[in-house]
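# Coordinate analysis (summary)
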Amino acid sequence: MTTNNMEIDDALYSRQRYVLGDGAMQKMAKSHIFLSGVGGLGVEIAKNIVLAGVKALTIHDTQICQTWDLGCNFFIRQDDIEKQKNRAEACQHRIAELNPYVEVYSMTTPLDAATDLSFLQQYQCVILTETKISLQKRINEFCHLQHPPIKFISADVYGICSRLFCDFGDQFEVFDTTGEEPKEIFIENITQSNPGIVTCIDSRPHTLETGQSVVLREVNGMSSLNGTTHQVTVISPYSFSIGDTTHMDPYQHGGIAVQVKMPKIFCFETLSEQLFDPHCLIVDFSKPEAPLEIHTAMWALNEFQEQYSRLPNIGCLQDAATLLKLAESVSDRLAKKPSINPCLVKWLSRTAKGFLAPLAAASGGIVSQEALKAVTGKFSPLQQWLYMDSMEVTEPLEHVGHEQFLPVGDRYDALRTCIGESMCQKLYNLNVFLVGCGAIGCEMLKNFALLGIASRQDKGMITVTDPDLIEKSNLNRQFLFRPHHIQKPKSCTAAMATLEINPELNIDAHLNKVYPATENIYSDKFYMKQNVVVTALDNVEARRYIDSRCVANQCPLLDSGTMGTKGHTEVIVPHLTESYNSHRDPPEEEIPFCTLKSFPALIEHTIQWARDKFESAFFHKPSQYNKFWQTYPSAEEVLQRMQTGETLEGSFQVVKLLCRRPKNWAQCVELARIKFEKYFNHKAIQLLHSFPLDTTLKDGSLFWQSPKRPPSPLHCDCNDPLHFSFIVNAAKLFAVTYNIPYSEKDVTKEAILKILSHITVPEFRPSEKIIETDENVKKPEHSLSSEDERIAIDQLTAAITSHSATRAYLQMTAVTFEKDDDSNGHIDFITSASNLRARMYNIEPADRLKTKRIAGRIIPAIATSTATVSGLVALELIKVIGNYTYEAYKDCFFNLAIPVIVFSETSEVRRIKIRNDISFTIWDRWTIYGKEEFTLSDFIDAVRVKYRVEPTMVVHGVKMLYVPVMPGHNKRLKLTMHKLVKPSVDKKYIDLTVSFPPESDGDEDLPGPPVRYYFCQEGQQ
């Protein structure tokens, strides 16, 4: 991003643009932020802000690098400690490397009560970490009084607690509070009343909130509403009122209500005002009192620092008692007089000198997002405090001796202060499998490095796998990568970068996808060696597969994901929680076939239609063509076989492509022109012939009413940029597909117009064909008629006779859709095709950026969210390896835009009853040991004897081994398990699915736990 002309580098920022939008990105590119304190939290904030793309960041610090910092700050190296470098100066160039568009400055002069604060006037936002409360107040007052106010943020992590405070001034305007796409609501009825009641079509919920605004358009009858904006009052999920419609013409049909984004003013108080009556965001509703308790304890900690110029000593009972007295004093001064949590105060005193890197990562992501809000006016700011704690981490440490928390002079001292030496040792010896090395994967590896995971020479291993190569768009979030890493493997590159943070780690980087085909690598034996599996994936199918492997092998799994400013984490622990597969998100709603083909109502429909056209014309048909001619290498042989009556799969479509194949650039342009006519003119004429504008349904209502839109035929005009764009991009893609060269001169407007002037477009006459209108009907399979076969024979004969079926003509290039290469014309074709169809149906068009997101199924992403989820996951990892009780684990959902953060208990594992005295959970597995001559009947008997219930059905994968009602299955009872299953030589066992009879006749069979059958007694070893 350049600040001169505000051009946004889409190759770098494309995923973030979908989160923030160009307006916010451009404001950010003009912003200069000041950050004081480059400890573990400060460096997290700096990383996220620079990745986002502000104009400049100044980092301030007065401390010298120490060994302690190696476990807190991922940009400080051993060499910096040996050279006694200032922390800001040591980190400056490494932070600057994250984004070439951001200027990073360092400042090392002291910031204290005597400092002239006028230098802060050059900044739009000031962020303080590791700063005494008295100085925070002074700087906040200065910032608040400026015109306009300098946005102020202060944040800290002390041991197990973190805090965040925001003050953006008396009147902070936000132009978009949520970042969500404006809703489009199809209208079924509007009453003539005061107020007028709007009802949604097909009882689809409008999801509006009272006070929001909508603009109405395309209303028939009550047409005076069109173009008017109304504040809504929600009546029900399917209706809302808009004001007086009594004197308007009666409503007839149609209409769309489009949500209007309205700016909102947020009012802030200063730190001095807020300290006594804080407005806190509640993040865990199981302990709503926690924010005020932490506020009290951390204010007391600030006063302890002011009085003693130090933090409480580790494990010092006297310091803990002093802190408790200060907390009681603070509580008396607060407006709400909150209760004191002595346990929290004790652990804060004990760990305040320490540092939990995962807590800082989570806090740093949230703080950074608030800073971006401050300089852009995008999203709702925090009002005004956020407190988080990791008290659950401390529960098993209650009776651990204080000597375990004392520093020993290594890089893990800050961590040791929080969790003790025994827990640190477990981390050092950990075997962890990290699946995915994108944005979350990079953040996880950084957390692993700071926690010292797998850092012992003889024990522990981080296995990381990702099949992908690094692309430029990754650099905006995947902070371990740099421009010179582009097109290198993600996993290997990330592993090397992680070793720079902590050279002691053991990392094994793989380039494999984790799916059934790689089970020879990621076998049961491999999973059973892992202490925990961490997924950093972007699709549900992969998550489900890895979850099933973890359940089968009793392995804990930590899952997380983000979409824009939203994120989630889920903890899956054997025998304690449900698994990922225990719950299913509703399937993504598919666009009905008839809507895509004939009746689009939204821009999403036209974009999907254009993407489908791309796939069909430039990938599927060429792929089918190449496959056919690889199977049948000679056109003459194909003709001979077709003439003898043999049906060759795909022959009709292939012969049609061969006969219509363009042979030069001009014919590619001609083909594109004919496609224009077919898609945007003939289609509309045919639809209006089949369904004239006055067509009515059986109930007398009009056929063409919302959401159905009647099309208007378009007439090609190459002076229209949209028309020209379609023809030139379609022609270029046809040329690539048919291996026809063209030059830059060929694609000029002058050259294209010259070719078009010689083209005669065939006249179109509509037919009487039936057009599908049922939304439940799927796309039909094309069936060949004898007439189709006769035409194909004639066409192929003609092609052979005219020498148009030579070997060179029997090959095409299948074009794989690539959204991130702007030179290939893929998105340009889809954008022009989609917007022409939108124009044909009077649908609001979409710009290239939105089209790219929808057509490319791009998941919006920003570094702040990935940093937050990775930190939360790493906190849960500590609990997993410590074998904590069920109550300690927390899942999380957040949306940093609003902001909402919700911690909740994980889903407790359910126990399923087979009989009154027999039950199981998803984590249970029954075991049967067989031998070479063990039959299916023996297996069933063994289950009955060992588990006191007789199987009624036995299934292996998708193969039914035994279902009594199926023909021939009773004969299988005498067959050996070896013969039934046919295992590979090295296979020692199989997992079978077994069902049992219901207690009552007529009920369905009851599922049981998986039964692992070992082929021989040695399997017990």
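Residues numbered from 1 in each chain as written. Predicted model: local features only at pLDDT ≥ 70, side-chain atom pairs only at ≥ 80, totals over all residues. Heavy atoms only, no water.

### A look at the overall build of the chain
Looking only at helices and strands, the chain has 30 helices and 33 strands in total. On C-alpha atoms alone, the chain measures out to a radius of gyration of 33 Å, which is about the 31 Å that the 2.2 N^0.38 rule sets for 1021 residues. Along the longest, intermediate and shortest principal axes, the C-alpha atoms of the chain span 100 × 85 × 65 Å. Looking at the chain as a whole, 54% of its 1021 residues qualify as buried. A separation of at least 24 residues holds for 73% of the contacts in the chain among residues at least 6 apart in sequence. Carbon and sulfur atoms form 51% of the exposed surface of the chain, whose accessible area is close to 44,500 Å². Positive and negative side-chain charges of the chain, numbering 106 and 124 respectively, have mean locations separated by a distance of 4 Å. (Helix = DSSP H or I, 4+ residues; strand = E, 2+ residues; numbered from the N terminus. Rg over C-alpha atoms; globule rule 2.2 N^0.38 Å. Buried < 20%, exposed > 50% of the residue type's maximum accessible area, 1.4 Å probe, protein only. Contact = heavy atoms within 4.5 Å. Areas by Shrake-Rupley, 256 points an atom, 1.4 Å probe, with all protein chains shown as cover. Lys, Arg positive; Asp, Glu negative; His and termini not counted. Charge placed at Lys NZ, Arg CZ, Asp CG, Glu CD.)

### Considerations on the packing of helix H7 (residues 290-308) against helix H8 (residues 317-333)
One way to put it is that H7 packs onto H8 with a least axis distance of 8 Å and a crossing angle of 120 degrees. Note that H7 runs across H8; the crossing there is right-handed. Mapping the contact onto sequence places Thr296, Ala297, Trp299, Ala300, Leu301, Glu303, Phe304, Gln307 and Tyr308 in H7 and Asp319, Thr322, Leu323, Leu326, Ala327, Val330, Ser331 and Arg333 in H8. (Axes fitted to C-alpha atoms, helices over the stretch in contact; angles between N-to-C directions. Left-handed = near helix turned anticlockwise from the far one by under 90°.)

### Here's the deal with the sheet that holds strand E21 (residues 532-535)
The 8 strands lie next to each other as E20-E19-E18-E21-E22-E23-E24-E25, forming an open sheet whose pairing is mixed. The open sheet has two edge strands, strand E20 (507-510) and strand E25 (900-905), and neither has a second partner. The mean inter-strand angle of the sheet, taken between neighbouring strand axes irrespective of direction, is 15 degrees. As paired elements, E21 and strand E22 (residues 557-563) share 2 bridges and run parallel to each other. Across the sheet, Val534 pairs through a bridge with Leu558, a residue of E22. (Pairing = 2+ DSSP bridges.)

### Topic: the pairing of strand E26 (residues 912-915)
The pairing of E26 with strand E27 (residues 918-920) spans 3 bridges and is antiparallel. Counted as the bridge partner of Ile912 is Phe920 from E27. From the end of E26 to the start of E27, which pair antiparallel, there are 2 residues.

### As for a nonpolar patch on the surface
The grouping of Met960, Val965 and Met966 at the surface amounts to a nonpolar patch, some 300 Å² of accessible area in total. Mapped onto the secondary structure, Met960 falls in strand E30 (residues 959-962). On the accessibility criterion, Met960 (41% relative accessible area) is partly exposed. (Patch = residues over 30% accessible without salt bridge, like charges linked within 9 Å, V, L, I, M, F, W, Y side chains within 5 Å. Salt bridge = Lys/Arg side-chain N within 4 Å of Asp/Glu carboxyl O.)

### Some words on the packing of aromatic side chains
All told, the structure shown has 51 aromatic pairs when counted by the stated rule. Each ring, one from Phe614 and one from Phe829, has its centre 6.3 Å from the other, and the planes form 55 degrees; the classification is tilted. Of this pair, Phe614 sits in helix H19 (residues 603-631) while Phe829 sits in helix H26 (residues 826-840), placing them 215 residues apart in sequence. Residue Phe614 is classed as buried on the basis of its relative accessible area of 0%. Plain terms: the ring middles of Phe680 and Phe726 are 5.2 Å apart, the flat faces sit at 85 degrees to each other, and that makes the pair edge-to-face. (Phe/Tyr/Trp six-rings, centres within 6.5 Å; stacked < 30°, edge-to-face > 60°.)

### Comments concerning the packing of helix H13 (residues 421-428) against helix H28 (residues 863-881)
When two helices pack together, their arrangement is given by the angle between the helix axes and the distance between those axes. Viewed as axis vectors pointing N to C, H13 and H28 meet at an angle of 100 degrees, and their least axial separation amounts to 10 Å. Overall, the two elements H13 and H28 adopt an arrangement that is roughly perpendicular. Contacts from Met423, Lys426 and Leu427 in H13 reach Leu877, Ile878 and Ile881 in H28. Of the residues belonging to the contact of H13 with H28, the class tally is 5 nonpolar, no polar and 1 charged. (Parallel < 35°, antiparallel > 145°, perpendicular 65-115°, else oblique. Nonpolar A, V, L, I, M, F, W, Y, C, P; charged D, E, K, R; others polar.)

### Remarks on the pairing of strand E14 (residues 253-260)
Most of E14 is tucked away, with 7 of its 8 residues classed as buried. Relative to E14, strand E10 (residues 213-220) runs antiparallel, the two being bridged by 7 bridges. Counted as the bridge partner of Val215 is Val258 from E14.

### Some details on helix H2 (residues 40-52)
End to end, H2 covers 19 Å across 13 residues, agreeing with the expected 18 Å (1.5 Å per residue, within 8%). Immediately downstream of H2, the backbone of Gly53 shows phi near 105 degrees, a positive value. (Expected span 1.5 Å × (residues − 1).)

### Some points on the nonpolar core
Counting residues in hydrophobic clusters, the biggest one holds 176 residues, and the most contacted among them are Leu120, Ile127, Ile139, Ile419, Phe448, Ile453 and Leu877. Beyond its immediate chain neighbours, meaning those up to four positions away, Ile419 contacts Leu356, Val393, Leu397, Phe405, Cys424, Leu427 and Ile878. Grouped together as the second largest cluster of nonpolar side chains are 78 residues, Trp704, Ile771, Leu796 and Ala855 included. (Core = buried A, V, L, I, M, F, W, Y, C linked by side-chain atoms within 4.5 Å.)

### Re the pattern of salt bridges
Applying the stated criterion across every chain, the model contains 55 salt bridges. The partner of Arg416 in a salt bridge is Asp413, with the nearest N and O atoms 2.6 Å apart. Of this pair, Arg416 and Asp413 both sit in helix H12 (residues 413-419), 3 residues apart, which is roughly one turn of that helix. Arg416 sits in the buried class, given a relative accessible area of 2%.

### Here's the deal with the sheet that holds strand E16 (residues 280-281)
Pairing is mixed across the open sheet formed by 8 strands, whose spatial order is E3-E2-E1-E4-E5-E6-E17-E16. Two strands in the sheet have a free side with no partner beyond their single neighbour: strand E3 (103-107) and E16. By the bridge criterion, 5 bridges tie strand E1 (residues 32-36) to strand E2 (residues 56-60) in an arrangement that is parallel. In the strand pairing of E2, Ile33 is matched with Leu57. Seen against the sheet, helix H5 (residues 133-145) touches strand E4 (125-128), strand E5 (151-158) and strand E6 (161-167) and runs at an angle of roughly 160 degrees to E5.

### A closer look at the environment of His605
Examined against the element boundaries, His605 turns out to sit in helix H19. Sequence-wise, His605 and Phe119 are 486 residues apart; in three dimensions their C-alpha atoms are separated by 53 Å. Look past the residues within four positions of His605 in its chain and what remains in contact with it is Ile591, Thr595, Leu596 and Pro600.

### A word on unusual backbone geometry
At the junction of Asn194 and Pro195, the peptide bond is cis and its omega measures out at 5 degrees in the coordinates. Take Pro195: it is sitting in the loop between strand E8 (184-190) and strand E9 (197-200). Cis geometry marks the peptide bond from Ile898 to Pro899, where omega comes out at -10 degrees. For Pro899, the position within the fold is in the loop between strand E24 (890-895) and E25. Residue Ser309 is not a glycine yet carries a positive backbone phi of 55 degrees. Note that Ser309 resides in the loop between H7 and H8. We note that Arg857 has phi near 50 degrees; this positive angle belongs to a residue other than glycine.

### With respect to the environment of Cys492
Looking at the secondary structure, you find Cys492 in helix H15 (residues 490-501). Classification of Cys492 by relative accessible area gives partly exposed; the value is 28%. Through-space distance from the C-alpha of Cys492 to that of Thr465 is 8.6 Å; in sequence the pair is 27 residues apart. Ignoring any residue separated from it by four or fewer positions in sequence, one finds Cys492 in contact with Ala509 and Leu511.

### Description of a negative patch on the surface
Together, Asp468, Glu471, Asp538, Glu818 and Asp821 make up a region of like negative charge exposed at the surface. The residue Glu471 is located in the loop between strand E19 (461-465) and H15 in this model.

### A closer look at a positive patch on the surface
Taken together, Lys597, Arg660, Lys678, Lys769 and Lys779 make up a surface patch of like positive charges. Checked against the element boundaries, Lys769 lands in the loop between helix H24 (749-756) and helix H25 (786-801).

### Some remarks on H26
For H26, built from 15 residues, the straight-helix expectation of 21 Å at 1.5 Å per residue is met to within 8% by its first-to-last C-alpha distance of 21 Å. In terms of burial, H26 is largely enclosed, as 13 of its 15 residues are buried. Of the residues flanking the end of H26, it is Asn842, one or two places downstream, whose phi is positive at about 60 degrees.

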